Amino acid sequence: MSFPVRFRKKMTVTTRFAPSPTGFLHIGGARTALFNWLFARHHGGRFLLRIEDTDRQRSTPEAVAAIFDGLSWLGLEADAEPVFQSARAARHAEVVADLLAQGRAYRCYASAEELAEMRAAQRAAGQPQRYDGRWRDRDPAEAPQGVAPAIRLKAPQEGETVIEDAVQGRVTVANSQLDDMVLLRSDGSPTYMLSVVVDDHDMAISHVIRGDDHLTNAFRQTQLYRALGWEPPVFGHIPLIHGPDGAKLSKRHGALGAEAYRDMGFLPEAMRNYLARLGWAHGDDEMFTTEQAIQWFDLPGVGRSPARFDMAKLTDLNAKYLRQGDDARLAGLVAERLAGEGLTVDDPGRALLEAAMPGLKTRARTLVELADSARFYLLPRPLALDDKAARQIEGEGRETLAALLSRLTDTPTWEREALEALTRSFAEEQGLKLGKAAQPLRAALSGSTVSPPVFEVLELLGRAESLGRLADALEPSA
RNA sequence: GACCCCUUCGUCUAGUGGCCUAGGACAUCACCCUUUCACGGUGAAGACACGGGUUCGAGUCCCGUAGGGGUCACCA
């Protein structure tokens, strides 16, 4: 399972995304996955997935499913079946047995209470809290009876550990700052520190790109790699994403699952573009295709400072993607949403949506807004008018509308330019500004004072439906 | 507290010693376009955290200060 260093170095770039399935795929994780995916694609390498489910208590199948869903929505497919870390416990233990045999690890019989006392004493003395190595050189013969030991790494105590981080640069820490970490718990289960190292090695991961909350872990992991005689991967610790207030992302602002963004009406390509620009830049380019991102993405372009998640910018980007989106696809997505709220869209309805899309998509920033603004096209008569719209059809507006209705009824051509010309000349002879005629029309047709251009609406709705809606609006009871 | 990292407009960022009287994007404001709302167009306001160095010259290099973040488990 392990490869000699000289061979591994020649192997292609391999990255991985390794979430622990304790919740949804949050936005920070999504960006980490994106960066790993882009990096692998850029270098013609492989992108793998590993589920770190060694915490049996907190890991759930639902979370695993949510993570897979989120990744596939974002289009970040892995190049191989995901690895489940929990299935590899035997291999992890085997590695530790070797370490033990070589004297690079040792058994520690200290109890949890004992360690807690030790830390309390250190804290009281104002000393840094770390394992004091009490079993490091102790004679195993002194081991207490009937106590299962944890296995700790015999880490170097002098010198320093250096990481040449592809994002952070060279980072150095004195070995005296690090203690002897636990590799195997007293129940024989592997710790995270051990598992990542063994799995990354066995999966031939060449580049570990992850949040910089793991930077300090990288020192310990490097020590483990050395003890094992393995070459560490290249690390790239990317800065975390913060909420709008500069604090760690919390549930209140951005730490929602990918599916929450989907529900809010964001397009996956907009999400990908936005996430890519968070902490990474290619000059002044703001909007780019995934192909361009793959071509341009590399670690030197990643910044070192944390970025804040900005809904407004995401929303704006999404609006731009909506505007250039394919009409048939958008019509489909809108139909899906409308169906979700009980408004079934038949084939003619779908065609109407698609035809109306150019006029609708420029007025929406999310699919939610798009669906909201499209709904009136499909609603059955009589339409309910909102308050502002109803006011357009009172008094003067009502008279104007009635007069206009008879003109419309008589017109031979039902086509937007002709309808506009008709309405313009009508307004002119009545001595009205065009808006005075257009607004009541819009209100009756759409039930609102805001809509795509009225003459476009008139044309798309068709003669019968339009005339019907106008008549409905003039009903005294309405 | 210890260790590590970070610091350019409100936000995301460009910037790798002279091209910077610091550029773009989002947000904000104004105007134009206009049948509503948008789109679009034009313009405005808005930043190199602070203090010392190094250098002919510093946003760019070094040191310090301040602020922010991360990590300090037999969690991952």
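A few words on the overall build of chain A. A count of helical and extended segments in chain A gives 20 helices and twelve strands. On C-alpha atoms alone, chain A measures out to a radius of gyration of 32 Å, which is more than a quarter above the 23 Å that the 2.2 N^0.38 rule sets for 478 residues. Taken over the C-alpha atoms alone, chain A extends approximately 105 × 45 × 40 Å along its principal axes. Buried residues in chain A amount to 50% of all 478 residues.

Moving on, we come to the sheet that holds strand E4 (residues 105–108). Within a sheet, each strand pairs with its neighbour through backbone hydrogen bonds, oriented either parallel or antiparallel. Read across the sheet, three strands follow the order E4-E5-E8 without closing on themselves; strand pairing throughout is antiparallel. Only two strands of the sheet have a single neighbouring strand rather than two, namely E4 and strand E8 (182–184). The sheet shows a mean angle of 45° between the axes of neighbouring strands, taken without regard to direction. Looking at chain direction, strand E5 (residues 150–153) and E8 are connected through two bridges and run antiparallel. Within E8, the residue paired with Arg 152 across the bridge is Val 182.

Around RNA strand B lies a shell of 64 residues, among which Arg 185, Gly 279, Asp 284, Thr 362 and Arg 442 are the nearest. Counting only the atoms of RNA strand B within 4 Å of the protein, the fraction contributed by sugar and phosphate is 70%. Measuring from a phosphate oxygen of RNA strand B, one finds a backbone N or O atom of Arg 308 at 2.9 Å. With five residues, the top contributor of residues to the surface near RNA strand B is helix H11 (residues 311–323). Among the residues making up the surface near RNA strand B, the classes are represented as 22 nonpolar, 20 polar and 22 charged.

Okay, the pattern of salt bridges next. Going through the model one piece at a time under the given rule, you end up with 31 salt bridges. For the salt bridge of Asp 472 with Arg 381, the shortest nitrogen-to-oxygen distance reads 2.7 Å. Of this pair, Asp 472 sits in helix H20 (residues 463–474) while Arg 381 sits in the loop between helix H14 (367–378) and helix H15 (387–392), placing them 91 residues apart in sequence. By relative accessible area, which is 18% here, Asp 472 ends up buried. For Arg 381, a relative accessible area of 42% gives the class partly exposed. Here Arg 416 makes a salt bridge to Glu 459, at a shortest N to O gap of 2.9 Å. With Arg 416 in helix H17 (residues 416–430) and Glu 459 in helix H19 (residues 454–461), this pair connects stretches of sequence that are 43 residues apart.

Moving on to the packing of aromatic side chains. Within this structure, the stated rule accounts for nine aromatic pairs. With centroids separated by 6.1 Å and ring planes inclined at 45°, the aromatic side chains of Tyr 261 and Phe 266 adopt a geometry described as tilted. Ring geometry for Phe 288 against Trp 296: centres 6.0 Å apart, planes inclined by 75°, an arrangement best described as edge-to-face. We classify Phe 288 as buried; its relative accessible area is 6%. These aromatic residues form a ring-pair network of at least three members: Phe 35, Trp 280, Phe 288, Trp 296 and Phe 297. The positively charged end of Arg 138 is found above the aromatic ring belonging to Trp 135, 3.9 Å away from the centroid. Between Arg 152 and the ring centre of Tyr 131, over which it is positioned, the NZ or CZ distance is 3.5 Å.

Here we come to the pairing of strand E7 (residues 169–174). Taken together, the six bridges between strand E6 (residues 160–165) and E7 define a ladder with antiparallel strand orientation. Looking at E7, one finds that Val 162 is bridged to Thr 172. In this antiparallel pair of consecutive strands, E6 and E7, the connection spans three residues.

Do not read the fine detail of predicted coordinates wherever pLDDT is low. On average, residues of chain A score 92 in pLDDT, and 96% of them reach the 70 mark or higher. Contacts from residues 1–10, a stretch scored under 50 in pLDDT, to residues over four places away or in other chains number 13 contacts. Taken together, the chains of this predicted complex give a pTM of 0.93 and an interface ipTM of 0.95.

Relative to the helices and strands, Glu 456 resides in helix H19. Apart from residues lying up to four places away in sequence, Glu 456 is in contact with Ala 356, Gly 359, Tyr 377 and Arg 416.

A separate point is the nonpolar core. By size, the foremost hydrophobic cluster in this structure holds 94 residues, and its most contacted members are Met 271, Phe 309, Tyr 377, Leu 408, Leu 441 and Leu 470. A total of nine residues in this core trace back to one element, the largest contributor, which is helix H2 (residues 27–42). Leu 48, Val 96, Ile 151 and Phe 219 belong to the second-largest nonpolar core, a separate cluster that totals 30 residues.

Moving on: the pairing of strand E10 (residues 234–238). By the criterion of burial, E10 is predominantly enclosed, with four of the five residues buried. Across five bridges, the pairing between strand E9 (residues 207–211) and E10 is parallel. Counterpart to Arg 210 in the pairing with E10 is His 237. In this fold, the crossover linking E9 to E10 by way of helix H7 (residues 215–228) has right-handed handedness.

What follows is about unusual backbone geometry. Residue Pro 382 follows Arg 381 across a cis peptide bond; omega there is -10°. Within the fold, Pro 382 resides in the loop between H14 and H15. For Ala 204, which is not a glycine, the phi torsion comes out positive at approximately 55°. Inspection of the secondary structure puts Ala 204 in the loop between helix H6 (192–202) and E9.

Within the fold, Leu 408 resides in helix H16 (residues 395–410). The spatial distance from the C-alpha of Leu 408 to the C-alpha of Leu 34 is 55 Å, given a sequence separation of 374 residues. When sequence neighbours within four positions are dropped, the list of residues in contact with Leu 408 reads Trp 414, Leu 419, Leu 422, Leu 441, Arg 463, Leu 467 and Leu 470.

As a further point, take helix H18 (residues 434–446). For an α-helix, 3.6 residues make a turn, and residues three or four places apart therefore share a direction. The end-to-end C-alpha distance of H18, which contains 13 residues, comes to 18 Å, matching closely the 18 Å that a straight helix rising 1.5 Å per residue would cover. Those residues of H18 not exposed but buried are Ala 437, Ala 438, Pro 440, Leu 441, Arg 442, Ala 443, Ala 444, Leu 445 and Ser 446. Against H14, H15, H16, H17, H19 and H20 lie the buried residues of H18. Residue Gly 447 follows H18 closely and has a positive phi angle near 80°.

Conventions adopted
Residues numbered from 1 in each chain as written. Chains lettered and ligands numbered in written order. Predicted model: local features only at pLDDT ≥ 70, side-chain atom pairs only at ≥ 80, totals over all residues. Heavy atoms only, no water. Helix = DSSP H or I, 4+ residues; strand = E, 2+ residues; numbered from the N terminus. Rg over C-alpha atoms; globule rule 2.2 N^0.38 Å. Buried < 20%, exposed > 50% of the residue type's maximum accessible area, 1.4 Å probe, protein only. Pairing = 2+ DSSP bridges. Axes fitted to C-alpha atoms, helices over the stretch in contact; angles between N-to-C directions. Near = heavy atom within 4 Å. Polar contact = N/O pair within 3.5 Å; in protein donor to acceptor, adjacent residues only side chain to side chain. Nonpolar A, V, L, I, M, F, W, Y, C, P; charged D, E, K, R; others polar. Salt bridge = Lys/Arg side-chain N within 4 Å of Asp/Glu carboxyl O. Phe/Tyr/Trp six-rings, centres within 6.5 Å; stacked < 30°, edge-to-face > 60°. Lys NZ or Arg CZ within 6 Å of the ring centre and 35° of its normal. pLDDT = per-residue confidence, 0-100. Contact = heavy atoms within 4.5 Å. Core = buried A, V, L, I, M, F, W, Y, C linked by side-chain atoms within 4.5 Å. Right-handed = clockwise from strand over helix to strand, strands pointing away. Expected span 1.5 Å × (residues − 1).

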